[in-house]
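Residue-level structural notes
Listed below are the residues making up each chain.
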Amino acid sequence: MERTIKRSLSFGDLTLKITDVGEDLHLLLTGGEKPHLGCTVLAIPRPSLTGSKETGVTSSVLNMTGHKDEAICRYMAEEMARRENKVTVCTGGFHVDNITKKQIDEVLLAVKDMI
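Predicted model, so just to flag it, every value in this text is computed and none were measured.

What to know about the overall build of the protein chain
Counting its regular elements, the protein chain contains 2 helices and 6 strands. Starting at the N terminus and walking to the C terminus, you meet the elements of the protein chain as β-β-β-β-β-α-β-α. Projecting the C-alpha coordinates of the protein chain onto the three principal axes gives extents of approximately 45 × 30 × 25 Å. The contacts in the protein chain between residues at least 6 apart in sequence include a share of 60% that link residues at least 24 apart. When the accessible surface of the protein chain is summed, it comes to about 6,900 Å², and 54% of that surface belongs to carbon and sulfur atoms. A gap of 3 Å separates the mean positions of the 15 positive and 16 negative side-chain charges of the protein chain.

Things to note about the packing of aromatic side chains
All chains considered together, the criterion is met by 1 aromatic pair. When the ring of Phe11 is compared with that of Phe94, the centres are 6.2 Å apart and the planes differ by 75°; the resulting orientation is edge-to-face. Of the two residues, Phe11 sits in the loop between strand E1 (2–9) and strand E2 (12–21) while Phe94 sits in strand E6 (residues 88–95), which places them 83 residues apart along the sequence. Against the face of Tyr75 rests Lys112, its NZ or CZ located 5.9 Å from the ring centre.

A closer look at the pattern of salt bridges
The final tally for this structure, using the stated rule, is 8 salt bridges. One salt bridge in this structure joins Arg7 and Asp113, with 2.8 Å as the shortest N-O distance. Within this pair, whereas Arg7 is found in strand E1, its partner Asp113 is found in helix H2 (residues 101–114), the two being separated by 106 residues in sequence. Between Arg74 and Glu78 there is a salt bridge, with its nearest N and O atoms 3.1 Å apart. Taken as a pair, Arg74 and Glu78 lie in helix H1 (residues 70–84) at a separation of 4 residues, close to a single helical turn.

Quick notes on the nonpolar core
Of all hydrophobic cores here, the largest spans 25 residues; its most connected members are Leu14, Leu16, Leu27, Leu29, Met76, Val107 and Val111. Elements with a contribution of two residues or more to this core: E2, strand E3 (24–32), strand E4 (39–47), H1, E6 and H2. Here Val111 is in contact with Leu14, Leu29, Ile72, Tyr75 and Met76, once residues within four sequence places are set aside.

Quick word on the environment of Leu37
With respect to the helices and strands, the residue Leu37 is situated in the loop between E3 and E4. For the pair Leu37 and Glu79, spaced 42 residues apart in sequence, the C-alpha separation works out to 20 Å. Apart from residues no more than four positions distant in its own chain, Leu37 is found in contact with Leu28, Met64, Thr91 and Gly92.

How each quantity is defined
- Residues numbered from 1 in each chain as written.
- Predicted model: local features only at pLDDT ≥ 70, side-chain atom pairs only at ≥ 80, totals over all residues.
- Heavy atoms only, no water.
- Helix = DSSP H or I, 4+ residues; strand = E, 2+ residues; numbered from the N terminus.
- Contact = heavy atoms within 4.5 Å.
- Areas by Shrake-Rupley, 256 points an atom, 1.4 Å probe, with all protein chains shown as cover.
- Lys, Arg positive; Asp, Glu negative; His and termini not counted.
- Charge placed at Lys NZ, Arg CZ, Asp CG, Glu CD.
- Phe/Tyr/Trp six-rings, centres within 6.5 Å; stacked < 30°, edge-to-face > 60°.
- Lys NZ or Arg CZ within 6 Å of the ring centre and 35° of its normal.
- Salt bridge = Lys/Arg side-chain N within 4 Å of Asp/Glu carboxyl O.
- Core = buried A, V, L, I, M, F, W, Y, C linked by side-chain atoms within 4.5 Å.
- Buried < 20%, exposed > 50% of the residue type's maximum accessible area, 1.4 Å probe, protein only.

This is the structure in structure tokens:
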């Protein structure tokens, strides 16, 4: 199954496609002026290393040189892996030339809402 979530920002759009891949999940996040594949994060749920009953996550990251998409992709992959207890891959990229701090904050809030 595939689900699509879209959010309109004051300066562009974000699109998140969530696809079931067997028992795993694939997230594809795109948006901004130049959507791209700037980062891929693989998040694997596991028992917490602290001994608590919470689910922990081990992540691996592939990041394109000079891209800042890791923060978004890592957050999304780890949150979904933890919540759904499924191996999750998040791939994507969001780019806006000369993005401001206020716009970055808007993207981060939208990403948290989408997940």
